Amino acid sequence: MKIPSFSYLANAFGEVVKRFPFPMLAATIGTVAGMILISRHDDREVRDVLIRLLITSLLGLPTLLAAALAAEKWKLAGWKKWLPTLLALALLLLYYFTFWLRDGDPGQRQMIRFGGLNLLAHLLVAWLPFADKTPVEDFWEYNKRLLVTFLIGGFYSGIIYAGLSIAILAVDQLFNLDVNDDIYGQLFFFVAGIINTAFFLANFPRHFEGLAAEDSPYTVAVKNLSKFILIPIVAIYFLILYAYSVKILATWELPKGWVGSLVLGFSVAGMLTYLLNYLLVKFDDNALVHGFRRWFFYVLLPLVALLFVGVGKRLSDYGVTEPRYIVAIAGVWLLLVCLYFILSKKDNIKFIPISLSLFTLLTVLSPFDAFQVSKRSQTGRLKGLLEKHEMLADGKAIPAKDTLPAADAEDIRSILYYLRDNAHFDAVGAWFGMPPEKKYPEWNEVDSIVQALKVGYGSAAPSTACGYTFMRREAISVASFDSLIWVESYLHGERQPDFTGIMISENRTGTEFFYEGKQLGSLDLQAFLKKLNDAHRCYGEALARKDGEVDWQGDSFDGRLILEEIAFEKEDSLMKLNTIRGVLLLKRK
């Protein structure tokens, strides 16, 4: 076997770029954005642009590949061959400008939509070239080749990354080059984004008809994997769920909420095994293989009912949220697939990815998507709770007249925080005097609403919880200090052996300073917190930065703690810390 020459590899790469220019462009943009993102920590605006470029590129690669395949499949020529790509580029550009970040965090809503659209794009690559009457055997062979190429490419890329990483580490250690650790993450992006993508596209099928071989497409290893490993494992999974169903019937106890996710996971594993074994019945007389192919969807159907019972209980208790919507809509899809394969005489496996594409689109991008339905559900729950306790009058929320039951107070709190976290607050903002366009208020604004409604923790008595945030927009002068350390400490936080920074003290009355694992001092914050609490309302507007500055002196260091956030509980005469975040400036003596 000859080792490929550089010219051969260059020509192969050139062929990939020539056939799939825009998918490779997306891969390159994503790779460069990821590599810069790893080492760029200081500029928030630049970081946000890089994150948006990376996310859009991850979505763009399969989307542009699907567009290129559409042009190849229907043999579009001249300027028409670029129409699918131009449409895909327009949609990606729209996605880039509508993908928003809040303090560098895309949030659950954006990531669910990204995950759904990415799944949709990959599904299009899987079935779009076979949307006509191309034989299902060719469709199966095409996707088998894609899977094999993906696995081989991933294996090769892993070997390349490991080998180059070890080489860099060896050179760094032997020659004392002090190589920046960022290079390993950047190397990962390059190998995964450029090398792995180019390998996958270089081995992409060049035609879509006549792919199926006349003889068996299964090797002995794949046959044994299917018959003696995958099918038995799926059978064990299903036996577990059937045993749990028997327990439910015997004890007459509703299933736990997470059983829906468990059924989904086992169903996906079973369906992938079904697809892998789809043609095996033609080349193997094994009774287990034939039985699995014939009865799989009959066996799956009762488990779909179990899924509906589990998710139905959560929906009735807590309303619709995006994750519960996804589980419920996935259950509807599973039911539809089961009924199709039970009732249909064709058993066309194209139905699986095509139907899943439609359900995915419904879930993340429609008038009835997970976000709109969840928003309406939780807004309705909040309105019902407020009206139940006469806390909504003339379109404005008012404090509770009496102490609320703990469960209702907890529900109101959780709904308010949910609406804020998922940018749904515009649906209820008018009740609390907020502008209608404000979807994502600050944490302290929602905390103030919770306190004003008298539904905070321990609402039967004056709340013991308190917290403050501080302005972060002003520049920090470090002229008279040697080091700047980001501080983020929580109650019961763990400390690494070589930790440098601040930890909440064991008695929670202050902080302890560590340098390279050694404790060099402590800072009592009681006087500072009491002064802060006397002067300012808990969970109010963000305070000036100077109000959150604390200077201290130690034996080896002088320091200044500049707070961004601090939270604590009032216990008798003490202020006991829960959270502290900010910046620590140090000067060695």
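Everything below is about the structure shown above.
Let me begin by describing the structure that accompanies this report.

Calculation criteria
Residues numbered from 1 in each chain as written. Predicted model: local features only at pLDDT ≥ 70, side-chain atom pairs only at ≥ 80, totals over all residues. Heavy atoms only, no water. Helix = DSSP H or I, 4+ residues; strand = E, 2+ residues; numbered from the N terminus. Buried < 20%, exposed > 50% of the residue type's maximum accessible area, 1.4 Å probe, protein only. Contact = heavy atoms within 4.5 Å. Areas by Shrake-Rupley, 256 points an atom, 1.4 Å probe, with all protein chains shown as cover. Lys, Arg positive; Asp, Glu negative; His and termini not counted. Charge placed at Lys NZ, Arg CZ, Asp CG, Glu CD. Expected span 1.5 Å × (residues − 1). Core = buried A, V, L, I, M, F, W, Y, C linked by side-chain atoms within 4.5 Å. Salt bridge = Lys/Arg side-chain N within 4 Å of Asp/Glu carboxyl O. Phe/Tyr/Trp six-rings, centres within 6.5 Å; stacked < 30°, edge-to-face > 60°. Pairing = 2+ DSSP bridges. Axes fitted to C-alpha atoms, helices over the stretch in contact; angles between N-to-C directions. 1 Å grid on protein atoms, 1.4 Å probe; cavity = no way out; pocket = protein on both sides within 12 Å on 5 of 7 lines; lining within 4 Å. Points joined across faces, edges and corners; volume = space filled by probe spheres on them. Parallel < 35°, antiparallel > 145°, perpendicular 65-115°, else oblique. Left-handed = near helix turned anticlockwise from the far one by under 90°. Nonpolar A, V, L, I, M, F, W, Y, C, P; charged D, E, K, R; others polar. Patch = residues over 30% accessible without salt bridge, like charges linked within 9 Å, V, L, I, M, F, W, Y side chains within 5 Å.

Description of the overall build of the protein chain
- Check the secondary structure of the protein chain and you find 16 helices and 10 strands.
- Dimensions of the protein chain, computed from the C-alpha atoms along their principal axes, are close to 85 × 70 × 50 Å.
- The proportion of buried residues among the 589 residues of the protein chain is 44%.
- Pairs at least 24 residues apart make up 69% of the contacts formed inside the protein chain by residues separated by at least 6 positions.
- By element, 63% of the accessible surface of the protein chain is carried by carbon and sulfur atoms, the whole surface being about 31,800 Å².
- Between the mean site of the 60 positive side-chain charges and the mean site of the 60 negative ones, the protein chain shows a separation of 7 Å.

Some details on unusual backbone geometry
- Phi angles above zero are rare outside glycine, and Lys75 is one such case at about 50 degrees.
- By secondary structure assignment, the location of Lys75 is in the loop between α3 (44–73) and α4 (83–98).
- Even without being glycine, Lys454 reaches a positive phi, approximately 65 degrees.
- Checked against the element boundaries, Lys454 lands in the loop between α15 (443–452) and β3 (465–469).

Description of helix α9 (residues 259–276)
- The end-to-end C-alpha separation of α9 is 26 Å, in line with the 26 Å expected for 18 residues at 1.5 Å each.
- Among all positions of α9, only Val259, Gly260, Val263, Leu264, Phe266, Ser267, Gly270, Met271, Thr273 and Tyr274 are buried.
- Each element contacted by the buried residues of α9 is listed here: α8 (220–251), α10 (287–318), α11 (322–343) and α12 (351–364).

Considerations on the nonpolar core
- In terms of nonpolar packing, the biggest core is built from 66 residues, with Tyr142, Phe204, Phe297 and Leu300 touching the most fellow members.
- Residue contributions to this core peak at 11 residues, all from α11.
- Membership of the second largest hydrophobic core comes to 28 residues, among which are Tyr468, Ile485, Ile566 and Met575.

Focus on the pattern of salt bridges
- Per the counting criterion, the structure on display carries 23 salt bridges.
- With a closest N to O distance of 3.2 Å, Asp421 and Arg420 form a salt bridge.
- Judged by relative accessible area, which is 6%, Arg420 ranks as buried.
- One network of salt bridges, in which partners are shared, links Lys73, Asp132 and Glu209.

Structural notes on α15
- With 7 of 10 residues buried, α15 lies mostly within the body of the structure.
- Those residues of α15 that are buried lie in contact with α14 (406–421) and β3.
- Positive phi appears at Lys454, one or two residues downstream of α15, with a value of about 65 degrees.

Thoughts on the packing of aromatic side chains
- Applying the stated criterion across every chain, the model contains 35 aromatic pairs.
- Ring centres of Phe130 and Phe208 lie 6.1 Å apart, and the angle between their planes is 75 degrees; on these two criteria the pair is classed as edge-to-face. Of the two residues, Phe130 sits in the loop between α5 (107–127) and α6 (136–175) while Phe208 sits in the loop between α7 (182–202) and α8, which places them 78 residues apart along the sequence.
- Classification of Phe130 by relative accessible area gives buried; the value is 1%.
- The interplanar angle of 75 degrees and the centroid separation of 6.0 Å between the aromatic rings of Tyr142 and Phe204 together place this pair among those described as edge-to-face. With Tyr142 in helix α6 and Phe204 in the loop between α7 and α8, this residue pair connects regions lying 62 residues apart in the sequence.

As for the sheet that holds strand β5 (residues 501–504)
- Strand order in the open sheet made by the 3 strands is β5-β6-β7, with antiparallel pairing throughout. Each of the sheet's edge strands pairs with one partner strand only, and the pair in question is β5 and β7 (518–524). Direction aside, neighbouring strands of the sheet carry axes that sit 30 degrees apart on average.
- Where β5 meets strand β6 (residues 510–515), 4 bridges bridge the pair, whose relative direction is antiparallel. Within β6, the position partnered with Met503 by the bridge is Glu512.

Regarding empty space enclosed by the protein
- On inspection of all chains with the given rule, the structure shows 2 cavities of 30 Å³ or more.
- Its boundaries defined by the atoms lining it, the largest cavity holds a volume of some 40 Å³.
- Taken together, Ile502, Thr511, Glu512, Phe513, Gly521, Ser522, Leu523 and Trp552 make up the full set of residues lining the largest cavity.

A few points about the packing of α8 against α9
- Interhelical geometry of α8 versus α9 gives an angle of 155 degrees and a closest axis separation of 10 Å. On the basis of their axis angle, the class for α8 and α9 is roughly antiparallel. α9 is crossed by α8, and the crossing has left-handed handedness. On α9, the residues touching Val222, Ser226, Leu230, Ile231, Val234, Tyr237, Phe238, Leu241 and Tyr244 of α8 are Val259, Leu262, Val263, Phe266, Ala269, Gly270, Thr273 and Leu276.
- Per-class residue counts for the contact of α8 with α9 are 14 nonpolar, 3 polar and no charged.

Observations regarding a nonpolar patch on the surface
- On the surface, Val148, Ile152, Phe155, Tyr156, Ile159, Ile160 and Leu164 cluster together into a nonpolar patch covering about 620 Å² of accessible area.
- Tracing the sequence through the fold places Val148 in helix α6.

Some remarks on the environment of Val136
- Considering the arrangement of structural elements, one finds Val136 in helix α6.
- Classification of Val136 by relative accessible area gives buried; the value is 16%.

Comments concerning the side chain of Ser357
- Inspection of the secondary structure puts Ser357 in helix α12.
- Taking the relative accessible area as the measure of exposure, Ser357 reaches 4% and is therefore buried.
- Here Ser357 is in contact with Leu120, Leu123 and Trp127, once residues within four sequence places are set aside.

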